[in-house]
Each structure stands twice: as C-alpha cells, then as structure tokens.
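# Results of the structural survey
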Amino acid sequence: MKEKMKSILLALLVAGSLVQSYYLIYRLPGGDSIAKTENNYIKTDNMGPEESAENLIYPDKMQIHMGEGKHTVFYPNSTFYNLIYSRLKGRSFESFQRRPVENTDWNKIRNEDPGIELTFGSGIPVSLLQRVMQIAPDSLFEAERIDRIWIYTSPNDSKTHAMFFSTEGDVVYEAGKVDLTVQDVQQHVDFGKEWTAYSSEAGGKYYVPQSSIQMVEAEVNIGVYTVEQMQQSLFFDPGITRYIQEKDGSEIYTDSKRSLQVRQEQKWISYTDPAAPPAGESSDGKDALAALDFVNEHGGWNGTYRLGQSGTGEERSQIVFQQYYGAYPILDTLNFHYGTIRLNLQQGTVSAYERSLIYMKSGEQHKTMVKLPGGAELKEKLSRINKDSAIEDLYPAYLPELTKTGTGLKLTPVWAVKQESGAVTVIR
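On a predicted model such as this, the values are computed, not experimentally measured, just so you know.

For the protein, the count of helices and strands is eight helices and 24 strands. Among the 428 residues that make up the protein, the fraction classed as buried is 47%. Across the protein, the fraction of contacts at a sequence separation of at least 24, relative to all contacts at a separation of at least 6, is 65%. Total accessible area computed for the protein in this model is approximately 21,400 Å², and 49% of it derives from carbon and sulfur atoms.

Let's shift gears to unusual backbone geometry. Not every positive phi belongs to a glycine, and Asn77 is a case in point at roughly 70 degrees. Within the secondary structure layout, Asn77 lies in the loop between β2 (70–74) and α2 (79–89). Although it is not a glycine, Gln347 adopts a positive phi angle of roughly 50 degrees. Turning to its location among the elements, Gln347 is positioned in the loop between β19 (340–346) and β20 (349–356).

Our focus in this paragraph is the packing of aromatic side chains. With the rule as written, the count across this model stands at 26 aromatic pairs. Residues Trp150 and Phe165 carry aromatic rings whose centres are separated by 6.2 Å and whose planes lie at 35 degrees to one another, so their mutual orientation is tilted. Here Trp150 is found in strand β6 (residues 145–153), whereas its partner Phe165 is found in strand β7 (residues 160–166), with 15 residues between them in sequence. With respect to burial, Trp150 and Phe165 carry one shared label: buried. Considering the side-chain rings of Phe294 and Tyr353, the 5.1 Å spacing of their centres and the 80 degrees angle between planes classify their relative orientation as edge-to-face. With Phe294 in helix α7 (residues 284–297) and Tyr353 in strand β20, the pair connects residues that are 59 residues apart, well separated along the chain. The pair formed by Phe294 and Tyr353 is uniform in burial state, with each residue classed as buried. Aromatic rings pair up to connect Phe93, Phe96, Phe141, Phe164 and Tyr173 into one cluster. Lying across the ring of Phe165, Arg148 places its NZ or CZ 4.1 Å from the centre.

In this section: the nonpolar core. Of all hydrophobic cores here, the largest spans 64 residues; its most connected members are Phe93, Phe164, Phe321, Leu343 and Tyr353. Here this core gets five residues from one element, more than from any other, and that element is α7. Core analysis: the next-biggest nonpolar cluster, separate from the first, contains 37 residues, Tyr75, Val220, Phe336 and Trp415 among them.

What counts, and at which threshold
- Residues numbered from 1 in each chain as written.
- Predicted model: local features only at pLDDT ≥ 70, side-chain atom pairs only at ≥ 80, totals over all residues.
- Heavy atoms only, no water.
- Helix = DSSP H or I, 4+ residues; strand = E, 2+ residues; numbered from the N terminus.
- Buried < 20%, exposed > 50% of the residue type's maximum accessible area, 1.4 Å probe, protein only.
- Contact = heavy atoms within 4.5 Å.
- Areas by Shrake-Rupley, 256 points an atom, 1.4 Å probe, with all protein chains shown as cover.
- Phe/Tyr/Trp six-rings, centres within 6.5 Å; stacked < 30°, edge-to-face > 60°.
- Lys NZ or Arg CZ within 6 Å of the ring centre and 35° of its normal.
- Core = buried A, V, L, I, M, F, W, Y, C linked by side-chain atoms within 4.5 Å.

As structure tokens, this is what we get:
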C-alpha cells in the first residue's frame, strides 16, 4: 500500500513539474509565448530606440506673412518654429465648413493679411493631425488629407480664420470656431519681423530669401548596423536563410518567402515580403501607424525623423520618413542612399522596407558655418532650372556623403529645388 501511495505521489509531482514548466515557458504574465508563429519576427533590442507618432508629425516649414508683401520662413526645430507650433497644438479647431478653393484670392491674402501658413509636403491624413492638434471630430473632414494649414486675420475683422487645404486641390475647410484671437495671431506674426526677409514666388509655391542664409556644415560620427542584426530582426528563423551573391555585387538573404537585399557599397538594405498576409481594411492614417510600428520593431530610429509622405493608392501605399539634422532634412540621392526610411504597404501590411544601415552617433567630428546664396544670385540660378520644369518647392537641406576615412558622415548645406517633374536639383 505504501509503495502504491509513493508511486501516485511521484506521478503527481512529475505532472505538477510539467505544468509549472509549461507556464514558465509559454505563459509568463504580460509576455508573449516564446513559440513564434510563422508571421512573427524576432525583436532586436540592440538597435535604434522606438518612436511615437506624435514626435513624427509636424510641418516641413512655417511661412509667416506680415502684410505689405513681407514674408519670412521658419524651419523645424528652430526657436520660433517650436514656440509657435507648440502654442497652435494647444488651441482648438471646430465646426468645419467646406468651400471651393477658387472662390478666394489667396495671393491677395498672402501679401496683405497677417498670418501663419504651415505646410505638410505631400499631405497628412486628418486622423493623424488629430493626434497632435486639437481638431474636433467631423465625419466629412476626417476623410481628407491636408497639405496646408493657413491661419490669418483680415483688417477690420475681429475673427481669426483657420483654413485647412485638401490635397485634392479644389476644396478648403474653414474652422468655424477657432481658439485664437486676432491678438494671438499678430503676436506670432511679430516673431518674423526681425528675421530674414523672403519674397513669395510663383504665387506662393516657394519663397526665396532676399539675402544669404547661414547653415552648419558638419561631420558626424557614425555606426553601422550589421547584416546579422537585420537578419535577426526581419526573419522568423535566421538560421535557415540562404545567401546569394548577385552580379552587381549586392547580397541577398532569403528564407524562400522573404528576401533581404544588401548593397554593401552604400550600406543600404531592401527587404521584401511579397506573401505578407492582408490585414483587412486600411487607410492612409492606419498605414502610417502600421509603418511606424514596423520600424519600431525592426531597426528603430537613430536621429530625428518626420512623416514625409503617406498614401499613393487604394491597394498599395508608400510611407516615407524623412531624417533631419537640426532644422533641415537630409537628402536621399541616387549616388548615396541615406536620409529616408521607406515602406510599402498592402492592405495595411508591410510588403517592402528600405533603409540605411548607417546611423549617426552623438557628437560631431567637425562643424563650421557656411552661407547659402540668396537674393538675385539665387533667383538667377533658379531661373535656369525653371526652364526645364516648373519649380514646386525650395528649401535648405543637407547633402550626405561618407568621409574619406569612412568613419564619419559629411553633411553639406545645399538648396534643394523640387520640380513638377519630381526631380530634385541641388544648388550650393
């Protein structure tokens, strides 16, 4: 009888041990199962930090209109830009009314009425703007993408006007209720009075400084993510990936479903997952957030970025995150890919992912102040470019290149000229 009881007790102890082991391995509180599904990835903790959407959504520039044809421009992360934008984010905008764009003489308002014009490049979905600005819910307005917000006051008018321009180009939404007084707007406009004067060109498409502007030319320290780190991040089981050497010198790693192409000479990677399962309904806003989450989990962010482009079609959308150094963007060129993180999504799921393996470290090797041309000199150079294709935008930027030692990144100040053809030309 004793032997039988011992056997039963031993069996119970073994069973209890197995159950405890199961919970330790698979059911840790607040954690995920160690057993991974086929579509999960391994998160690497030794790459870039994560980022939130609120820190990636902001205007690419801020144009200040002071009346009498006077203008100036503030760029991200500059003192007055940060001050004005932080104040605007705390004010509310409600009761939107839709109006045709052509019903208003915008050039007259630009040159005569004090105001602040925020531009968002190719546009931002309203659902994302609501994450950073106090925009009241509105079923009609929320379906739009906005590329400009223009807040202004008119003489002999006690009302502040806040206009939100649709990327469709034919409609504008005016907020019927704006938590900004005429005095608030004038105070913000006054910040531009002692700043570099700009002239409005091509009906406000772009602005040219009337004198040269100063920028920092820098050489910064860099690090490089390894191919092994990217494999660990992007493949379910890196141990089963095959290696293929292409004729052009690039390297391809594949697990028969996903592929990772590495261009070693430029330290640039292109990842594709053509069999990415559909996630259901998607929208420009949801796609941008899905892209953000993907980067958080697969490489992270080393530096300052801005959501630069979102949404290109119903079935397939492209999201681009633009990297900044100080107040200005870093250009991604054909000769040297750097400065952007690009993702393609299908039905809300990432199917392609491109980024540089290079990342900036803290501290500069070398810094010096340089001048970019303005006034008549700049206008003369722009006139040559304008003959080939009309100019859509003009902004200061950095042209990146590796230093001779390969241990640093040189950032050279340039004027970036965006044309209607899509080409970007640089002027020094």
